[in-house]
Amino acid sequence: MPAIQRDDLTADETSRENARVNLGLALEAYPLWVERLTCRDLKRAFLAECSAAVPHYRNLFQGAVRDLDRFPVIDRADHDDRRLDFISTDFEDPRGEFLRISTNGTFGRTLRVAWDLPSFFDLNHASYLRFSTVLPAFFSSLVPGEPSVFVISDSPRDLRTSVVMPALDGAILRRLILGRDEMTDVALVEHLRRARIALLHAKPSVLLDLIELDGAHDGGGRIAPAYVVCSGENLYPDDRARIEAGLGCSVLDAYAASEAGLIAYECRHRTGMHVVTDHLTVEVEAGDGSLGPTGTGQLLITNALNWRHAFIRYRIGDRATVTSGECGCGHDGQTIVAMPGRERAAYGDGTGSITAEEIGAAVAAADPPVKQFQVAPGEDHRIVISWVGRPGGDTALAAVLRGRFPGARFELVNVPAINLPGGKLRRFL
Ligand SMILES: [Zn+2]
C-alpha cells in the first residue's frame, strides 16, 4: 500500500481512471438493476438460469429447476473448495476486477465474490436508496456534487476513495480510513467536523473510536451527521447508546454481506431488522435440520439478484431469530429480531452457567467504564474477559463481577485493542 504523503483527505488514493470506470459501471448498472428487480417471477427465473449455467447445479439437475425446495443447502466450505463451480459460465466481463470483492477474513479464508452489474449496483449504490426509505430527511440532506455520504473503514487493505452516486442525486460517497496514524486521524476528525454529512456509515467499533477522537481533539465543533448507519458487526445496546449520545443522532442498524448485499435493516420503530425480500429468500435452519421462514437457527440466504456467482440456500454463518408479521412502518414480512451472529450465548462457571447478556450488563455497570471487551471460556471453568479502558479499571470491573456472580472465577486481561484493525469485533467467543 502506498504511504500517505499528506494529510489532505480530499485526495483519493485510487486513480481517476478507477473513479471513471466505477461511475461508468454505476450508470450502466442502474437500468439493469431496475430491470432485474422488476423481472416477472425473478426468484424462479434465477433458479432456472442457475440450473442451466452454473456448473454445480447443471451437473446436479440436468434441466431447468425453478423450485427452491429442490436445491440443497450449501456450506461456505463448498464455495471455498470449488469456487468456480458456483460461477455462471454465461458471464465474461473484461472489467471483472471491478466486479469482485473479498469477504471479510475474520472467520477463516476470504471468499472472492463475483458480481454482475445489478448486484454490484445493489450493494454499492442501492443500499443507500433502501436506507432512504426509512430516513425521512436523507435526500434533503444530500448535497449534489459534494461529498455527503461518508463511509469510515479501519481496514488496512482499504484505500481512501470517492464515488459519484448517480442514484443519490449525484452526491459523492467518500470512504476514509481511520487508524493509519495520529496525524491522519486528527485530519479526519477536522475534515468530518467541517463536512455536511447526510449519512455516516461504519462498524460500531469504528464509530466509537471516532467519537473518542472527536472528544479528545480541541478546536471548534463536533462531528454532526444527519444520520448514522451501522453494519459489519453486532450492534450492542450499550454501544448504540454511546454512539447516539456521541454523534447526536439516532443509529440505524443494518445487516449486509458480500454474498447477499443488504440483507436486512431497521426502521424507526426498531422492531428488528426487516428482511429485504424483493430478491432475497431468507430461511432458518433449525437444530434438527428443518428449514422454514421463521424460527431460531442458522440463516440460509438465496440471492436472486446476482446471476454471476450463485448463492442458493447458502449457510452464511450467522445465527439469528426471524419472525414474520406487520410493523408500524408498513413492512409486512420477515424481521430479524435477534442477531447473536457467531457469538456464544452462555459460559459455564463450574456449577452452572452465566449468560453472555448478564456478563455484558455487569461490564457495562463498571465505573470507570470499559471501552471494549471480549469474553472467552478459560481453563478450569474460568471466564476470561479481555478489556480495553483506563488503567485501574480492572479493580472496578472485578468488584462488579464479584458482586453479581459470587461463585464464578474471572480472569481479567487489560489489552490495548480487542482485534486487529479491519477485523470484526466479537464480544462473546
Ligand atoms: Zn418497521
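Per an unreviewed UniProt entry, the protein chain goes by Phenylacetate-CoA ligase and derives from Nonomuraea ferruginea.

Draft legend 1. The arrangement of the nonpolar core in detail. One finds Val149, Leu199, Val228, Leu252, Ile263 and Ile301 to be the most contacted residues of the largest nonpolar core, which totals 82 residues. Per-element tally for this core: the top contributor is helix α5 (residues 117-132), with 6 residues. Aside from chain neighbours lying at most four places away, what touches Val228 is Leu200, Leu207, Ile243, Leu247, Cys249, Val251 and Leu252. Core analysis: the second largest hydrophobic core is formed by 16 residues, Ile359, Ile383, Ile385 and Leu401 among them.

Draft legend 2. Here's a closer look at the sheet that holds strand β18 (residues 370-377). If you trace the 3 strands from one edge of the open sheet to the other, you get β18-β19-β20, paired in mixed fashion. On the outer flanks of this sheet lie β18 and β20 (410-414), each paired with one strand and no other. Each adjacent strand pair in this sheet contributes to an overall mean axis angle of 25°, direction not counted. Across 5 bridges, the pairing between strand β19 (residues 383-389) and β20 is parallel. Bridge pairing links Val384 to Glu411 in β20.

Draft legend 3. Fine view of the domain arrangement of the protein chain. Under the domain assignment, the protein chain is made up of domain 1 (16-341) and domain 2 (346-414). Put simply, the middle of domain 1 and the middle of domain 2, counted by C-alpha atoms, are 33 Å apart.

Draft legend 4. A look at helix α8 (residues 204-216). Across its 13 residues, α8 extends 19 Å between first and last C-alpha, which sits within 8% of the 18 Å expected from 1.5 Å per residue. Within α8, the full set of buried residues consists of Pro204, Ser205, Val206, Leu207, Asp209 and Leu210. Close packing links the buried residues of α8 with β3 (147-153), β6 (199-202), β7 (227-230), α9 (237-247) and β18.

Draft legend 5. The arrangement of helix α1 (residues 16-37) in detail. Over its 22 residues, α1 extends 31 Å from the first C-alpha to the last, a length consistent with the 32 Å expected when each residue adds 1.5 Å. The sharpest bend along α1 comes to roughly 35°, located at Ala29, with the proline Pro31 sitting one to four residues further on. Among the residues of α1, Leu25, Ala26, Ala29, Trp33 and Arg36 are the ones counted as buried. Buried-residue contacts for α1 involve α2 (42-53) and α5.

Draft legend 6. Broad picture of the packing of α1 against α5. Put simply, α1 and α5 touch, their axes get as near as 8 Å, and they point 105° apart. Between α1 and α5, the crossing angle belongs to the class labelled roughly perpendicular. Facing α1, whose interface residues are Leu25, Ala26, Glu28, Ala29, Tyr30, Leu32, Trp33 and Arg36, α5 presents Leu117, Pro118, Phe120, Phe121, Asp122, His125 and Ala126. The class makeup of the residues in the contact of α1 with α5 is 11 nonpolar, 1 polar and 3 charged.

Cut-offs and rules
- Residues numbered from 1 in each chain as written.
- Predicted model: local features only at pLDDT ≥ 70, side-chain atom pairs only at ≥ 80, totals over all residues.
- Core = buried A, V, L, I, M, F, W, Y, C linked by C-beta atoms within 7 Å.
- Buried ≥ 20, exposed ≤ 12 C-beta atoms within 10 Å, placed from the backbone.
- Helix = DSSP H or I, 4+ residues; strand = E, 2+ residues; numbered from the N terminus.
- Contact = placed C-beta atoms within 7 Å.
- Pairing = 2+ DSSP bridges.
- Axes fitted to C-alpha atoms, helices over the stretch in contact; angles between N-to-C directions.
- Domains from an automatic or database assignment.
- Expected span 1.5 Å × (residues − 1).
- Bend = angle between axes of the 7 residues up to and from the residue.
- Parallel < 35°, antiparallel > 145°, perpendicular 65-115°, else oblique.
- Nonpolar A, V, L, I, M, F, W, Y, C, P; charged D, E, K, R; others polar.

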